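As a plain string of letters, each chain reads:
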Amino acid sequence: VATGFANLSEGNTVFETVGKWKARETQAEMKVTLNYVGEDAESPQVILCNGGQTESVSKQCSFAPLSLSVPTFAVGEYSELDQQATTVNYLNDHKSAADNYALASELAVPFVTEWFGVPKEKIDVVELPDPNAAPFESGTLLLTPLGSSDSRLYRLNAVHQLTHAAFPSQREWIYEGLAHFAQALDREQQGGRQAALDFMAPHRASIADVEKTLAANRKNDTNDALINTSNEEFYRSKAMFVWWMLRDMLGEQPLKKALAAYRPDQDKDPAYMQHLLETQSRRDLQWFFDGWVYHDRGLPQVRVESAYARAITGNGYVVTVTVENPGDVGAEIPLTLKMIEGEITRRLEVHAKAKVSVRIDCLSTPIEAVVNDGSVPQNDMSKNVFKIEIPATAPK
């Protein structure tokens, strides 16, 4: 297997080289024969090849397509736990951990099915012997330690794998982005919106770091667009935020219907997914896809420019909030007015290089206006909160 030369010290050349290789190998298939040689070669050995298990000294493996499926195999003294949705291959006396993972997978199936359809294949888990090893995935196969007692971690991993099994796509921003989006959705279902935003926070920080680096060397805004990128931070993390923003903008039902209408073999036009979403939501999404999917123009730079409160006759106030976005990409962003008693949230569509003002009626004394709850990635969130001063003549 060969690619062109690339140096990690030379900007984005590694990602670009890998991207060219993936594009070239989109329809390629790799066939491998694995043979076990050793003193006990006549004894049955367990050989796993992207999940499928065989007890023999030889196994034929096939990997396709290479652009999304990393050739992966494991040989060891594995025991197998075979469930309806999951096969867990575990080592030594880790049967209880395998049971926990399999249970987490089975419990996650209804959630994944509701959003992405019935998984079309089983997911496979292969235990790594080093408890501190980093997990590695290839399609629906996950290599991971099984020593953890954190059932939430097992469920998150299972949701990711099951989404891959339910929603195949040759477009990585769809394939990987939806799997990460599914994890955020699951955290929201289990612990509320803030739990999901906390899960997404490290991804938001990594996207901002990459965007800062690219901004200094960007020659055009299409090479690193989601539709073309080979940068993992983008087609995994940034894509997750794109799907989350689309869910917030369109609502769950239109998004679910668009995903249900998706056909991988018909996805030949870069705008195919956009058109599916527009059909179900009856909204023009060209501005959004142009800024977030078809081009890479950095991140929004939203901030609260001003917030003024005016007392009205009787009890209450009218608060006028102006939100500014001097960045090169727009977004629909939540604006929350916090009061002594309660809060009110509005959604604002703030385009690039634009300002938007909104008037909000409230019965309780306003305290501050907060734009962006973390659901939209941006470089700097230090100006997202604006303290509201109440006029001295206002009633207490």
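For the structure itself, look to the data block above.
What you are looking at is a predicted structure, and each value in this text was computed from that prediction instead of being measured.

Scanning the protein chain from N- to C-terminus turns up 9 helices and 17 strands. Projected onto its principal axes, the C-alpha positions of the protein chain cover 90 × 45 × 40 Å. For the protein chain, the proportion of its 396 residues judged to be buried stands at 52%. Considering only contacts within the protein chain whose residues lie at least 6 apart along the sequence, 63% involve residues at least 24 apart. As displayed, the protein chain offers around 19100 Å² of accessible surface, 50% of which is attributable to carbon and sulfur atoms. Side-chain charges in the protein chain split into 38 positive and 53 negative, and the spacing between the mean points of these groups amounts to 9 Å.

The 5 strands lie next to each other as 6-7-8-10-9, forming an open sheet whose pairing is mixed. Taken across any chain shown, the strands that pair with only one partner, and hence form the sheet edges, are strand 6 (79–82) and strand 9 (136–138). Each neighbouring strand pair of the sheet contributes to a mean axis angle of 15 degrees, computed without reference to strand direction. In terms of strand pairing, strand 7 (residues 86–90) meets strand 8 (residues 123–127) through 4 bridges, oriented parallel. Its bridge partner being in strand 8, Val 88 is matched across the sheet by Val 125. The strands touched by helix 3 (residues 151–166) are strand 8, strand 9 and strand 10 (141–144); relative to strand 8, the strand with the most contacts, the crossing angle is about 140 degrees.

Below, the discussion takes up the pattern of salt bridges. By the definition in use, this model includes 24 salt bridges. The residue Arg 297 makes a salt bridge to Asp 290 at a minimum N-O spacing of 2.9 Å. The salt bridge involving Glu 368 is made with Lys 387; its shortest N-O contact spans 2.6 Å. Placement of Glu 368 in strand 16 (residues 366–371) and of Lys 387 in strand 17 (residues 385–387) is noted, with a sequence separation of 19 residues between them. Classification of Glu 368 as buried rests on a relative accessible area of 12%. By relative accessible area, which is 57% here, Lys 387 ends up exposed.

Basis of the calculations
Residues numbered from 1 in each chain as written. Predicted model: local features only at pLDDT ≥ 70, side-chain atom pairs only at ≥ 80, totals over all residues. Heavy atoms only, no water. Helix = DSSP H or I, 4+ residues; strand = E, 2+ residues; numbered from the N terminus. Buried < 20%, exposed > 50% of the residue type's maximum accessible area, 1.4 Å probe, protein only. Contact = heavy atoms within 4.5 Å. Areas by Shrake-Rupley, 256 points an atom, 1.4 Å probe, with all protein chains shown as cover. Lys, Arg positive; Asp, Glu negative; His and termini not counted. Charge placed at Lys NZ, Arg CZ, Asp CG, Glu CD. Pairing = 2+ DSSP bridges. Axes fitted to C-alpha atoms, helices over the stretch in contact; angles between N-to-C directions. Salt bridge = Lys/Arg side-chain N within 4 Å of Asp/Glu carboxyl O.

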